[in-house]
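# Working through the structure, step by step
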Amino acid sequence: MVVLGLVAVHSIARAVQWHITHDLCKYAVCSMPCEVKPRFVVLYGSQKGQAQSIAEGVAEEAEEHGLTAELCCLKQNERYNLEKERAPVVFIVSTTGDGEPPDNALQFVRRIKKKTLPTDHYTHLCYALLALGDTNYANFCNCGKTIESRLQELGAKQFYAAGYADDGVGLEVVVDPWLEGLWKAIKAALSKMASDRADYSTGEAGDSSKDAPDSSVPDVQLSLLSITDQQNCKSANSSVETVSTFSSADSSSVSASTTQTAVTDPGPASPLGNDRLASQFHDAASVSTSKPGTQTTDAGVPLVALAASLIFSLPPLSDSSLNVPALPPPYLDVSLQEVDLMEQTDGLMIKDTLFEVPVSKAVQLTRGDSVKTALLLELDVSAYPMMTYQPGDSFDVFCPNRASEVEDMLHRLALHDKRNHQVNVSLRTDTKKKAAQVPPYIPQNISLLYLFTWCLEIRSVPKKAFLRALVEHTGDSVQRRRLQELCSKQGAADYNLYVRDQSLSVLELLAAFPSCSPPLSLLIEHLPKLQPRPYSAASSGLRHPGKLHFVFNVVEFPACSLRPAGKQGLCTGWLFDLISPALVFSGMDESSSTPDLPKIHVKLRPNCSFRPPPDLSVPFIMVGPGTGVAPFIGFLQQREQEKQEKPEATFGETWLFFGCRHRDRDFLFREELEGFVSSGTLSHLKVCFSRDDQEEEGRPKYVQDNLLINRQHVMEVLLQQKGYLFVCGDAENMAKDVNNTLIEMIKAELQVDQLDAMKTLAGLREEKRYLQDIWG
């Protein structure tokens, strides 16, 4: 129900006056302005579109609550003015890189961090903040925390508890309840602000000499909405529990959002018809403790569900009323046009910022029986003098979607015969979506085949909003019900278990729900941009002029019910297929003639701080197990060249902690690393092998074990010699374990408690002496 008159709440007479004014404005021609709905501002900073999508959802939902939302990107500073803003402001921001703001929020963060701003700069401002992050990475939600901290330093006040959503366990665990309570908080803030203004006006009329009270912001006690720091939330093994809580005065009575649609349909939840009975139990990877349920298809065929799965649900979920998200408003018109001479482009449409470079060498670094396949590729960048890089820099590789998956998608949408038609995309004139625009990453005059090959991430895990939209295009009632369950509040655990944790793609989802026939426009609206994949440079331009090396493991996704054969990572699998004809093993003669290797499109990423210390005399420690050693090969190649060019210079000592499974299978760059030790470039090489020497007690198994063994030297480098520590590799396990080990080492070295040790480590981060290049 639309909530009206938040500003006029003091008397029935004011309410009557509102309705009279509203009717006059609607039906009469007059010069009097019509009273408008209360407004608030939504500002977002987003790197890959998730924060933007949530912000757009808030703006679209506002009207149903009787409010008007002004939606702006933080970089659009000409469209908002926080220095004069008196309405509530909602910030929704993500974090990227090593805790950095998104590109479109960077300038805003720099502006508010100016030390010249007075401490009362934002005393008039009331705000709420939702931050997105991932606890698998360092500096969780750092952009949101930075904005919140700085706003409070400048006098701004919260009207609603901050939310810190963790993509590591599912953003919706925090986002959904935060959004549910947001509307009541906004209305309370608007009501109090209006009341304060009215009280101030009355007081000013009675005594004009009184100072204006500083009461434009509601005084609300707040607590953070987040996830318990040490929560073990592996939903593949157990249901996800929402442990986030509100502690504000109104939080205990927060009701379901009016944008949630109650679905009372406790009927069958099997999407299968009689012709698909044989496959109904194929999704047996997940087991439910609920009792088996009997379900019936639209054809009246009874089915018995023995276990819950992507396509089946069991009580109590199958019997529950559901709160599903509001239907996202469509905003694109898409048509396909047959053209006589449609120029087909097999490769990426090159932009000025991209470089098309040939692969000059491809080497397999691991033995054939290794668990993982690690490859080194050498790119010839000599034709692009402007493509200069430093050790520690990274670059993007632009890859297409796999051709077979594109073909499958076209067949699934019944558009294969129109694959060469031109795609025309425009905005719907009747859309209700706020700030709607044609996706900027979709060029004009492209074919349908090009759209699915280079523009859209067809492997992306479908969001709940997309599932909600698919419901409207699903013919079978039990399939509709199951999609409703997966996008509902009640089905959050099922969504995590069967969709998110399985990395289920849109194509795999559509295969499981055969009666779902979405229009092309819906996929363009909901599928994200096909993102390039980042890789670290594994070489130095001083050692290899005109060349750029990088190393990667071929990613393997395990098989599951809807993916019986498993699949390779999109970019790593594509690269492996490209270079397979010319692949040689490490140690073989790499100078022999090889087939012509392909060209790939790359782009250097902005300069980062993950670089060796500029002062050659400063010592540094490198921790890089597996392919995490890649950037440190560049570090050491650079150091070796510098020592040769500056023999009289003083060089700080260098440490490398490396680990892998087996010494004789996946010890990457073994000969080169041992050569660095022999030349004095690498002072200390500490290695460990997690699957070798298991019979020997005390043998270090992981890199953190070797750190502990060498605690005294490591602490001396970091705390006394003001050295640097670099960590590269897996974020989910290794980087966390190394971080925890460092805390324990600092506790023992300085004889301090946990909190003080964490503060010391945080200080190293602030000084940019503890740096990470990690990935999930």
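All figures in this text were calculated on a predicted structure; none of them were measured in a lab.

When you go through the protein residue by residue, the secondary structure sums to 19 helices and 27 strands. The buried share of the protein, reckoned over its 776 residues, is 48%. In the protein, the share of contacts with a sequence separation of at least 24, taken over all contacts with a separation of at least 6, comes to 79%. As displayed, the protein offers around 36,300 Å² of accessible surface, 50% of which is attributable to carbon and sulfur atoms.

Quick look at the sheet that holds strand β26 (residues 724–730) now. An order of β25-β24-β23-β26-β27 is seen for the five strands of this open sheet, with the pairing classed as parallel. The open sheet has two edge strands with one neighbour each: β25 (684–689) and β27 (770–775). Neighbouring strand axes in the sheet, compared pairwise and without regard to direction, differ in orientation by 10° on average. Both β26 and β27 contribute to a ladder of six bridges, which runs parallel. Residue L725 lies in a different strand from β27, and its bridge partner there is Y770. Strand contacts of helix α18 (residues 731–750): β23 (620–623), β26 and β27, with the helix running at about 150° to β26, the strand carrying the most contacts.

Right, let's talk about the sheet that holds strand β15 (residues 422–427) for a bit. Consider a sheet: its strands pair through backbone hydrogen bonds, and that pairing is either parallel or antiparallel. If you trace the three strands from one edge of the open sheet to the other, you get β11-β15-β16, paired in antiparallel fashion. Pairing within the sheet leaves two strands with one partner each, and these edge strands are β11 (332–337) and β16 (446–447). In the sheet, β11 pairs with β15 via six bridges, with the strands oriented antiparallel. Looking across to β15, one finds that V334 is bridged to V425.

With that settled, the discussion passes to the pairing of strand β14 (residues 394–398). With respect to burial, β14 is a largely interior element, five of its five residues being buried. Residues S394, D396 and F398 of β14 are buried on one face, and the alternating residues F395 and V397, pointing to the opposite face, are buried as well. Taken together, the four bridges between β14 and strand β17 (residues 533–536) define a ladder with antiparallel strand orientation. Residue pairing in the sheet places V397 in a bridge with R533 of β17. In the sheet, β14 pairs with strand β22 (residues 599–604) via four bridges, with the strands oriented antiparallel. Looking at the pairing, F398 lines up with H601 of β22.

The next subject is the pattern of salt bridges. Pairing between side chains of opposite charge can happen when their charged atoms approach one another. Evaluated as defined, the whole model comprises 32 salt bridges. Salt-bridge contacts for R367 lead to D664; the nearest nitrogen and oxygen are separated by 3.6 Å. A residue pair is termed long-range when its members are at least 10 positions apart, and R367 in the loop between β12 (355–364) and β13 (374–380) and D664 in the loop between β24 (654–660) and α15 (670–679) qualify at 297 residues. On the basis of relative accessible area, D664 is assigned to the partly exposed category, the value being 48%. One continuous salt-bridge network, built from bridges that share partners, spans R367, D369, D664 and R665.

Another aspect to go through is the packing of α18 against helix α19 (residues 754–766). Interaxial distance between α18 and α19 falls to 9 Å at its minimum, and their mutual angle equals 115°. In terms of axis orientation, α18 runs roughly perpendicular to α19. The two elements α18 and α19 cross, and the hand of that crossing is right-handed. On α19, the residues that touch N739, L742, I743, E744, I746, K747 and L750 of α18 are Q754, A757, M758, T760, L761 and R765. Partitioning the contact of α18 with α19 into residue classes produces seven nonpolar, three polar and three charged.

With that settled, the discussion passes to helix α13 (residues 570–579). In terms of burial, α13 is a largely internal element, seven of the 10 residues being buried. Here α13 has its buried residues at L570, C571, T572, G573, W574, L575 and I579.

Within the largest apolar cluster, 55 residues are counted, with the highest numbers of intra-cluster contacts made by L310, M409, L451, F452, L470 and F513. With six residues, the single largest contributor to this core is helix α7 (residues 448–455). In this structure, A51, V90, L171 and A189 belong to the second largest nonpolar core, which totals 33 residues.

Relative to the assigned elements, H549 resides in strand β18 (residues 547–553). On the basis of relative accessibility, which here comes to 6%, the residue H549 falls in the buried class. Here the alpha-carbon distance between H549 and L377, two residues 172 residues apart in the chain, equals 5.7 Å.

Let us now look at the pairing of strand β6 (residues 163–166). Alternating positions in β6 separate into two faces, G163 and A165 on one and Y164 and D166 on the other, with burial throughout. The sheet contact formed by strand β4 (residues 126–133) and β6 spans four bridges and is parallel. By the bridge assignment, G133 is partnered in β6 with D166.

Of note, H662 is situated in the loop between β24 and α15. Classification of H662 as buried rests on a relative accessible area of 13%.

Burial within helix α8 (residues 464–471) is extensive, with seven of its eight residues counted as buried. When we look at burial in α8, the residues that qualify are K464, F466, L467, R468, A469, L470 and V471.

The rules behind the values
Residues numbered from 1 in each chain as written. Predicted model: local features only at pLDDT ≥ 70, side-chain atom pairs only at ≥ 80, totals over all residues. Heavy atoms only, no water. Helix = DSSP H or I, 4+ residues; strand = E, 2+ residues; numbered from the N terminus. Buried < 20%, exposed > 50% of the residue type's maximum accessible area, 1.4 Å probe, protein only. Contact = heavy atoms within 4.5 Å. Areas by Shrake-Rupley, 256 points an atom, 1.4 Å probe, with all protein chains shown as cover. Pairing = 2+ DSSP bridges. Axes fitted to C-alpha atoms, helices over the stretch in contact; angles between N-to-C directions. Salt bridge = Lys/Arg side-chain N within 4 Å of Asp/Glu carboxyl O. Parallel < 35°, antiparallel > 145°, perpendicular 65-115°, else oblique. Left-handed = near helix turned anticlockwise from the far one by under 90°. Nonpolar A, V, L, I, M, F, W, Y, C, P; charged D, E, K, R; others polar. Core = buried A, V, L, I, M, F, W, Y, C linked by side-chain atoms within 4.5 Å.

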